[in-house]
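Coordinate analysis (summary)
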Amino acid sequence: MRTFRTVALAVVMSATALSSIHAADPIKIGVVTPLSGTYAGIGQQVKWGLELATKEVNAAGGIMGRPIELIFEDEEANPAVAVQKADKVFQVNKVDFLTGTVNSGSTLAVGQVAERAGKLMATTVSFADSITTDKCSPNVYRVNARAGQQSSALAVWMSKDKPKAKVFYLGPDYEMGRSTVAAFKQSAEKVGAQSGGEVFAPLDSKDYTQYFGQLRASRPQVLYTSVAGNDTVRLFTQLQEFGLLNNLTVVGASGTVTAQNIGAIGKAAEGFVTGVGYSAEIGTPENKKFVEAFRAANKTDPDLYGADSYGLIYAYKAAVEKAQSTDTDKVREAFKDLKWNTPQGEKTLRAGDHQAVQTMYVVQVKGGKFSIVGEVKGEDAIGPDTCTRF
Amino acid sequence: MRDALTNSMRASHLLALLLVVFALITAAVGVAMNDTFYLRLATEALIFAGLALSVDILLGYTGLLSLGQALYFGLGAYISALTLMQVPSFWLALLVAILSGLALGLVGGFIALRVRGVYFALITFGLAQVVAKIIYNTRALGASDGMTGVPIINVNLGFTSISSASPAGFFLVVLTVTMALYAIAAYLLDTPFGRLLIAIKANDRRVPFLGYKATTLRLGSYVMAATIATVSGALYPMLRGFVSPELLFFATSGNAVITVILGGVGTLVGALYGSILLTVIKSVIGSWTEHHLIIIGLLFMSAVIFFPQGLMGVVRPKVAKWLSRGGTS
Amino acid sequence: MAEAIDYFQFVLAPQMVIGLVLGIAVILVALGLTIIFGLLDVINMSHGEFYALGAFLSVSLAALGVPFWLLLVLVPALMLPIGYIVERVLIQRVFHSPDRHVTTLLLTFGFGLVLEDVFRLIWGPNPLRPDMPISGAVEIAGLFLPLYRVFMIGVGVLIIIGTALVVYRTRIGAMVRAAAFDRNMAASLGVPVQLVYAGAFAFGVSLAGLAGVLLAPIYSVFPTMGRDFILMAFTVVIVGGMGSIAGAVIAGLFLTQVQAIASLYISPVWADPIVFGIMVIMLMVRPQGLFGRLGHA
């Protein structure tokens, strides 16, 4: 009888406890992310990362006793749609915070919507430098590493592993592709690499073999490329087809080889090196726990998008708890130089430009998976604060 | 002279009036409920309705399917954004848009109107792709990220001024502009010019025998359509504060064509109703599944097969009959 | 003189070979398109999606263990009934409308939209790639030639010659040309016109599917790949002449060579505008293309 009463009491108490959390007004976070279209794979990782963190935070009592509620909208990787959906979650769902945008065009456009709505947003994927440099906004934060950090990390590795190497640059011919190549070229030349030539191929090029003549003539030790997605699959496959991978180390931007295309690239990706803000191989106990939980929930490993999105929820939690409120100005104040723990270590949100400073990892594809081959400290990888708008 | 065209035009006007009444009620409800999002969504629907209107002028009245009308829409948006970032004046942006539309329409028409039918569709498609790619790669225009920072402007109406940030206010501004575009198109198409266009569409070999040059007439229609698309595009950055190359992509042109087919080809007012219909459908289906393209595509295909005359194509003749019965007695 | 030969050997020739590979692929896609237009007078805006379908099918079947040689035959064979059904169920519905060109264009455009999303639904948004069936390369006169590409060129040429032979030298081909030239007369002479139409459409899309199978190992497979070729294919069909096989072949070779060689001298971004420009000029100067229509050539 006593056991029964204890159990019944326990059940009633936990029910009340649970219901008291749910009875509390939820903190709503809008997630405007591509759930359809070409970037659906990335949007999926973002969703998984956010959901896992939300589940954990809510199970532990939420933020200041209030549960987090995620509201998802599909932006189709089109800034016009992203802006429309952002408007919706701000005005109709009245979210306190927004995240999820993937391409930099969407992040910038939605950032403006956030400014006008008086709310804050963060990106966990976009790595165009401009978001926290010349186009920075007082309402936009970035918790993932930007292109500059990735290049710095990669350049440091190159100076140690391939000192004074001759580098050939191949990028997609659009803003992002060109600026990524330019940024890395600058970092690389600073540590002594020589430049062997550069070529910019149109986006969605089918055949990169037409540039191989130039590549061969230049006789480089390293090829740096900033292509992404399907273009990477084609470039690498064709490089292998033409036997060019035998004496060449291929390095590139973090978006070049990702979980979404590594399967299709296959053996041609072997040996590829890049600088990233996350790897599932990171040996810290926090990361091991995170990877296991992620794998259990989604039957696949987290990539940088999933991990950074996971980390964002904890950043927001830390800021709101510090500010003891979800009011925009108070949270903005709390975000200044906020330090918080993520699976990849401690990150700091630099007050001057809202950019996360973190340890950067240099990873290499070995046996179809990324392995860590180097680490660069946060302060060394982060560039100067060039944001002047606030 | 009250012929079939005039009758059907009058029916269109009645339906357009109905739309305006419905829109005004929506605005009033929106203001009462302090709504922002739905009013802005409706404003966007009207802006894209203008693009659909321009597609209908070409397809329904001139017999030309344009698969790249977003070219003018997008260029109008960029030109408007650039103007507003220098001089935040609504009227100036509108003026620049009209002039650009006329100029661009002449250039585009010169290239595209050499041919008709499929070839015309392919040329307009290709033209839009090529220009979109150029803009995508032009750093001065923001390249692939587009341009943010289009300021909130005040529409100076003399007796009062409406801010583009005001959901209901700007909705009414856009409603006025779109209905004005409709009115101009409807008027021009009900004149001898319009009848000649329809004659060309039916049999273009005979028309020269009547003393008219088919090519000049078509060019006139094309320029009108281009200008309407450009002006509609000019309104977009005022609403959303930014422009991006996606506004010129094939998806935008394709949506306009779908809008016209669903709404009713050759009815002008069908473009307006069709835009509202498509916006509602996309919103509803979009929150339900991420594979909304399959559903919209199937809907579109069924319309082409089973209801080629579209929504207004079914409604308008009934209204026209009702009107003419009331008129002649 | 030696400089010129050097230039030819190391710069021009490799570029021409690349153009040739692309050209064969484009011709295979354009052939189907031009037959469908020449015979049925139908604009198939979803043609690129059939190219993609062939590629996707080859990926799935290869994953099941089907060897590449079999795939080359199996996938086009699978696409024949699919094409047949599409023609009978969809195309025929709008075939008899007065503005057939516009309605079939619109219908196939809608169908293309649906197909692209269906690919995403079934195979996911991420790229896929079947293994390279023939690896290794050969070096002839300083020209580096991967064997698979040589194979592709060979197969492509065989298919093109085969198609031309079928159309111009067989009875079936004669029936097809007769139906294209004068439908009613052909019907009254006992040609099963409905069957010929559906069969021609099926053949056209299965050619596109075959191109998909051939290109999948080097160009990879993803839902939006149908758009890769569509502008080029339509340009080839227009420049060559709607309905002309010889036109598709010659225009296909010519345009891809122009693109390949031009990219040596000017930024490759201008490749598309140049191709588009040629299409516009052709339409302005000689709208029927280089050669006439299928039945009329």
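Residues numbered from 1 in each chain as written. Chains lettered and ligands numbered in written order. Predicted model: local features only at pLDDT ≥ 70, side-chain atom pairs only at ≥ 80, totals over all residues. Heavy atoms only, no water.

Regarding the overall build of chain B
Filter applied, for reference: Helix and strand definitions follow DSSP, with helices as H or I runs of at least four residues and strands as E runs of at least two, each counted in order from the N terminus. To get the radius of gyration, use the C-alpha atoms; to get the globule rule, take the number of residues to the power 0.38 and multiply by 2.2 Å. Three labels apply to residues, based on accessible area from a 1.4 Å probe with only protein chains included: buried if under 20% of the type maximum, exposed if over 50%, partly exposed otherwise in between. Throughout, a residue-residue contact means that at least one pair of heavy atoms, one from each residue, lies within 4.5 Å. Note on areas: Shrake-Rupley, 1.4 Å probe, and residue coverage restricted to the protein chains presented here. Here the positive residues are Lys and Arg and the negative ones are Asp and Glu; neither His nor the chain ends is included. In plain terms, the charge of a residue is placed at NZ if it is Lys, CZ if Arg, CG if Asp and CD if Glu.
The helix and strand tally for chain B stands at twelve helices and four strands. Computed over C-alpha atoms, the radius of gyration of chain B comes to 19 Å, within 12% of the 20 Å expected from 2.2 N^0.38 for 329 residues, which places it in the range of a compact globule. Its C-alpha atoms give chain B principal-axis dimensions of about 55 × 45 × 45 Å. Here chain B holds 329 residues, and 59% of them are scored as buried. For chain B, the proportion of contacts with a sequence separation of at least 24, taken over those separated by at least 6, is 80%. For chain B, the accessible area works out to roughly 12900 Å², and carbon and sulfur atoms hold 70% of it. Averaging the positions of the 19 positive and the 9 negative side-chain charges in chain B gives two centres separated by 12 Å.

Some words on the overall build of chain C
Scanning chain C from N- to C-terminus turns up eleven helices and two strands. When the elements of chain C are put in sequence order from the N terminus, they spell out α-α-α-α-β-β-α-α-α-α-α-α-α. Relative to its length of 297 residues, chain C is compact, with a C-alpha radius of gyration of 19 Å against a globular reference of 19 Å. Summarising its shape, the C-alpha atoms of chain C cover approximately 65 × 50 × 35 Å along the three principal directions. The proportion of buried residues among the 297 residues of chain C is 59%. Look at the contacts in chain C between residues 6 or more apart in sequence, and 78% of them connect residues 24 or more apart. With the model as given, the accessible surface of chain C reaches about 11500 Å², and the carbon-plus-sulfur share is 71%.

Section: the sheet that holds strand S9 (residues 249-252) of chain A
Residue and element names in this part refer to chain A. Which entries qualify depends on this criterion: DSSP bridges decide pairing: two strands pair if at least two such bridges lie between them. Between N-to-C directions, angles cover 0 to 180 degrees, with each direction set by a line fitted to C-alpha atoms, over the stretch in contact for helices.
In space, the seven strands of this open sheet follow the order S7-S6-S8-S9-S10-S14-S15, with mixed pairing throughout. Two strands bound the open sheet, and with one partner strand each, they are strand S7 (194-201) and strand S15 (369-376). In this sheet, adjacent strand axes meet at a mean angle of 25° when their direction is disregarded. Where strand S10 (residues 273-276) and strand S14 (residues 360-366) come together, four bridges link them in antiparallel fashion. Paired with Gly 275 across the two strands is Val 362, which belongs to S14.

Here's the deal with the packing of helix H2 (residues 47-63) of chain C against helix H9 (residues 226-240) of chain C
Residue and element names in this part refer to chain C. Heads up, the condition is: Between 65 and 115 degrees an angle is taken as roughly perpendicular, under 35 as roughly parallel, over 145 as roughly antiparallel, and anywhere else as oblique. With the far helix as reference, a near helix turned anticlockwise by less than a right angle produces a left-handed crossing, and one turned clockwise produces a right-handed crossing. Gly is placed with the polar residues, together with every amino acid not listed as nonpolar (Ala, Val, Leu, Ile, Met, Phe, Trp, Tyr, Cys and Pro) or charged (Asp, Glu, Lys and Arg).
Contact geometry of H2 with H9 gives a least axis separation of 8 Å together with a crossing angle of 135°. One element, H2, and the other, H9, form an angle in the oblique class. Crossing handedness for the pair H2 and H9: right-handed. When H2 is examined against H9, the residues His 47, Gly 48, Glu 49, Tyr 51 and Ala 52 are found in contact with a partner set consisting of Gly 226, Phe 229 and Ile 230. The class makeup of the residues in the contact of H2 with H9 is four nonpolar, three polar and one charged.

Quick look at the interface of chain A and chain B
Stated precisely, the cut-off is as follows: Summed over both partners, the accessible surface that disappears when two parts come together, traced with a 1.4 Å probe, is what is meant by buried area. Whenever a carboxyl oxygen of Asp or Glu lies within 4 Å of a side-chain nitrogen of Lys or Arg, that contact is scored as a salt bridge. N or O atoms closer than or at 3.5 Å make up a polar contact, with two conditions inside protein: a donor-capable atom paired with an acceptor-capable one, and, for residues adjacent in sequence, both atoms drawn from side chains.
The partner chain B presents 27 residues to the 27 residues of chain A that form the contact. Between chain A and chain B, a total of about 2400 Å² is buried, with carbon and sulfur atoms accounting for 50% of that surface. When residues of chain A are sorted by the area they lose upon contact with chain B, Gln 84, Arg 116 and Glu 175 of chain A head the list and together hold 22% of the total. Linking chain A with chain B are two salt bridges, by the criterion used here. Linking Asp 87 of chain A and Arg 40 of chain B is a salt bridge whose minimum nitrogen-to-oxygen distance equals 3.0 Å. Here chain A is connected to chain B by ten residue pairs in polar contact (both at pLDDT 80 or more). When residues of the side of chain A that touches chain B are traced back to their parent elements, those giving at least two are helix H3 (79-91), helix H4 (104-117) and helix H6 (175-190) of chain A.

A look at the packing of aromatic side chains
As a reminder of what qualifies: When the centres of two rings from Phe, Tyr and Trp lie within 6.5 Å, Trp using its six-membered ring, the rings pair. Their planes under 30 degrees apart give stacked, over 60 give edge-to-face, and anything left gives tilted. Geometrically, a charge over a ring is one whose NZ (Lys) or CZ (Arg) sits within 6 Å of the ring centre while staying within 35 degrees of the ring normal.
Inspection of the entire model under this criterion finds 36 aromatic pairs over all chains. An angle of 65° between the planes, with centres 5.9 Å apart, marks the rings of Phe 68 of chain C and Tyr 148 of chain C as edge-to-face. With Phe 68 of chain C in helix H3 (residues 68-95) and Tyr 148 of chain C in helix H5 (residues 147-169), this pair connects stretches of sequence that are 80 residues apart. Judged by relative accessible area, which is 1%, Tyr 148 of chain C ranks as buried. Site record: aromatic cluster; members linked through ring pairs are Trp 48, Tyr 278, Phe 290, Phe 294, Tyr 310 and Tyr 314 of chain A. The residue whose ring lies beneath Arg 178 of chain A is Phe 200 of chain A, and the NZ or CZ to ring-centre distance is 4.1 Å. It is Arg 114 of chain B that lies over the ring of Phe 110 of chain B; its NZ or CZ is 4.5 Å from the centre.

Structural notes on the state of the cysteines
Residue and element names in this part refer to chain A. The condition is simple: Only a pair of cysteine sulfur atoms within 2.5 Å counts as a disulfide in this structure description.
If you walk through the whole model with that rule in mind, you get one disulfide over all chains. Residue pairing for Cys 136: its cysteine sulfur links by disulfide to Cys 387, the two sulfurs lying 1.9 Å apart. Residues Cys 136 and Cys 387 share a disulfide whose torsion about the S-S bond is about 80°; that sign makes it right-handed. Of this pair, Cys 136 sits in the loop between strand S4 (120-123) and strand S5 (140-142) while Cys 387 sits in the segment after helix H13 (378-381); the two residues are 251 residues apart in sequence, bridging distant segments of the chain. For Cys 136, a relative accessible area of 1% corresponds to the buried category. According to the relative accessible area criterion, Cys 387 is buried, its value standing at 9%.

Some remarks on the interface of chain B and chain C
The interface of chain B with chain C comprises 32 residues on the first partner and 33 residues on the second. The junction of chain B with chain C conceals about 3100 Å² of combined surface from both sides, 88% of it contributed by carbon and sulfur atoms. At the boundary of chain B and chain C, one finds zero salt bridges. Between chain B and chain C we count three residue pairs in polar contact (both at pLDDT 80 or more) in total. Those elements that place two or more of their residues in the side of chain B that touches chain C are helix H5 (117-136), helix H9 (250-263) and helix H11 (292-306) of chain B. In terms of residue count, H5 of chain B provides more of the side of chain B that touches chain C than any other element does, ten residues in total. Here the residues of the side of chain B that touches chain C are counted per class, giving 24 nonpolar, six polar and two charged.

Re the nonpolar core
Among soluble globular proteins, nonpolar side chains are generally buried collectively. What counts here: Remark: nonpolar core denotes a set of buried residues (Ala, Val, Leu, Ile, Met, Phe, Trp, Tyr, Cys) joined through side-chain atoms within 4.5 Å.
Judged by nonpolar contacts, the single largest core of 236 residues is most densely connected at Leu 65, Phe 90, Tyr 182 and Leu 268 of chain B together with Leu 39, Tyr 51 and Leu 214 of chain C. Beyond its immediate stretch of four places on either side in the chain, Leu 214 of chain C contacts Leu 28, Phe 68, Leu 72, Tyr 148, Phe 151, Met 152 and Val 155 of chain C.

Concerning the sheet that holds strand S11 (residues 338-342) of chain A
Residues and elements named next belong to chain A. Strand order in the open sheet formed by three strands is S11-S12-S13, with antiparallel pairing between adjacent strands. Looking at strand neighbours, the two that pair on one side only are S11 and strand S13 (356-357), the edges of this open sheet. Direction of pairing for strand S12 (residues 345-349) relative to S13: antiparallel, over a ladder of two bridges. Bridge assignment links Leu 349 to a residue of S13, and that residue is Ala 356. Along the sheet face, helix H11 (residues 304-323) touches S11 and S12 and points at about 140° away from the line of S11.

A word on the pairing of S11 of chain A
Residues and elements named next belong to chain A. Taking every second residue as pointing to the same face, the buried face of S11 carries Leu 338, Trp 340 and Thr 342, while none of Lys 339 and Asn 341 on the other face is buried. Pairing between S11 and S12: five bridges, direction antiparallel. The residue of S12 that forms the bridge with Lys 339 is Thr 348. Between S11 and S12, which pair antiparallel one after the other, the connecting turn spans two residues.

Considering the pattern of salt bridges
Taken as a whole and judged by the stated rule, the model has 26 salt bridges over all chains. One salt bridge in this structure joins Asp 353 of chain A and Arg 146 of chain A, with 3.4 Å as the shortest N-O distance. Of the two residues, Asp 353 of chain A sits in the loop between S12 and S13 while Arg 146 of chain A sits in the loop between S5 and helix H5 (147-161), which places them 207 residues apart along the sequence. The residue Asp 190 of chain B makes a salt bridge to Arg 195 of chain B at a minimum N-O spacing of 2.8 Å. Taken together, the shared-partner salt bridges connect Asp 87 of chain A together with Arg 40, Glu 44 and Arg 240 of chain B into one network.

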